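Structure at a glance
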Number of protein chains: 2
Amino acid sequence: MDCKQIYEDKMESRGIKPTAVRVLVLKTLMSADNAMSMTDIENVLPTLEKSSVFRALNLFLEHKLVHSIDDGTGALKYAVCSDNCECTLEKEHIHFYCNKCGKTFCFIGLHIPVTVLPKGFVSSSANFVFKGVCSNCNK
Amino acid sequence: MDCKQIYEDKMESRGIKPTAVRVLVLKTLMSADNAMSMTDIENVLPTLEKSSVFRALNLFLEHKLVHSIDDGTGALKYAVCSDNCECTLEKEHIHFYCNKCGKTFCFIGLHIPVTVLPKGFVSSSANFVFKGVCSNCNK
DNA sequence: CTTATAGTGCAACCAAGTTGCAAATATGAG
DNA sequence: CTCATATTTGCAACTTGGTTGCACTATAAG
């Protein structure tokens, strides 16, 4: 069964009104095993308008339901945050972009390492992505 | 004095023929204390064509005379590599993007930390950027 | 039911990056 | 030096990702 309740709950726990478009976008993101770009989502959901997906994703970002990863492909990718994640620097994780299949993965266990920055520099967020070949393409 | 010899030498040591355009682009990059985007360079050198700058930068990249940083602003930034750098993962460094002034800095002393990746994942390069406020904007 | 509010689709737009092509410049053999 | 060849450059056109204004639709409250 295709219980959309869980998507609605997830949104409501973040203070987002679950509309039809948003349920579809969230469902798509949650059913993927890797981060997706706006175009990826549009391809899975061709009935939706680019701008609607865009607005849904930005709303999700603001409410920290998803986080975005800049993997260097030119298109931002999006992945669902873990429950209760507040996207603080300590909670952020490292990502991995596969040069072969083009997929981007969240390494939720690998946090941004604590780093001593030069005097005067204060960081509040990070975008750390390794590039190489993923486990699937290495077979 | 404005000795272009050093730029030519730098290019030749990387096997690049030093043309007028290339000398200008390299000089601009080397005289900045932060990484520059294509648009930044065009603004400093308004006589040059966008595509010429583009091609010079790509040539520099291929020959590892410069490296590029994706700081999440939507425009790639470029910075000159240290001499003899071969841009291997071990030699790459962390970058810092200032949310206030928009500048991106190389932390050449801060290397990509050695990281144990999930089984099967093999990385060959990385793009690590911290975001926050730089020492200059923190005054 | 009526009205205010929020959400959506569409079209137009912008910025960054990229390409094809022709003019200009540099190179090199004779 | 001269001509043929190869390289570089400038220009214009185009692609893609992202973004916005606006009118239409759906929803929610009174």
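This structure is a prediction, so every number in the text was calculated from the model and none was measured. (Residues numbered from 1 in each chain as written. Chains lettered and ligands numbered in written order. Predicted model: local features only at pLDDT ≥ 70, side-chain atom pairs only at ≥ 80, totals over all residues. Heavy atoms only, no water.)

Notes on the protein's contact with DNA strand C
Contacts to DNA strand C come from 18 residues, most closely from Thr-19, Ser-52 and Arg-55 of chain A together with Phe-54 and Leu-76 of chain B. Arg-55 of chain A is positioned with one of its side-chain polar atoms (N or O) 2.6 Å from a base oxygen of DNA strand C. Elements with a minimum of two residues in the surface near DNA strand C: α2 (20-31) and α4 (50-62) of chain A together with α3 (38-44) and α4 (50-62) of chain B. With 4 residues, the top contributor of residues to the surface near DNA strand C is α4 of chain B. (Near = heavy atom within 4 Å. Polar contact = N/O pair within 3.5 Å; in protein donor to acceptor, adjacent residues only side chain to side chain. Helix = DSSP H or I, 4+ residues; strand = E, 2+ residues; numbered from the N terminus.)

So, the relation of the copies chain A and chain B
Superposition of chain A onto chain B requires a rotation of 180° combined with a translation of 0.0 Å along the rotation axis, giving an RMSD of 0.1 Å. Considering both components of the superposition, the chain copies are consistent with a two-fold axis. Taking C-alpha positions as reference, the residue of chain A nearest the rotation axis is Phe-128 of chain A, located at 2.1 Å. Both copies share a contact surface, since 100% of the interface residues of chain A are interface residues in chain B too. (Least-squares fit on C-alpha atoms with pLDDT ≥ 70 in both. Contact = heavy atoms within 4.5 Å.)

Things to note about the interface of chain A and chain B
Opposite the 33 residues of chain A that make contact, chain B presents 33 residues. Summing both sides of the interface, chain A and chain B together bury roughly 2500 Å²; the carbon and sulfur share of this comes to 66%. Across the contact surface, chain A and chain B share 0 salt bridges. The interface formed by chain A and chain B holds 10 residue pairs in polar contact (both at pLDDT 80 or more) in total. Secondary-structure elements contributing two or more residues to the side of chain A that touches chain B are β4 (93-98), β5 (104-111) and β6 (122-133) of chain A. Among the elements that take part in the side of chain A that touches chain B, β6 of chain A stands out by supplying 12 residues, more than any other. Grouping the amino acids of the side of chain A that touches chain B by side-chain chemistry returns 19 nonpolar, 11 polar and 3 charged. (Buried area = accessible area lost by both parts, 1.4 Å probe. Salt bridge = Lys/Arg side-chain N within 4 Å of Asp/Glu carboxyl O. Nonpolar A, V, L, I, M, F, W, Y, C, P; charged D, E, K, R; others polar.)

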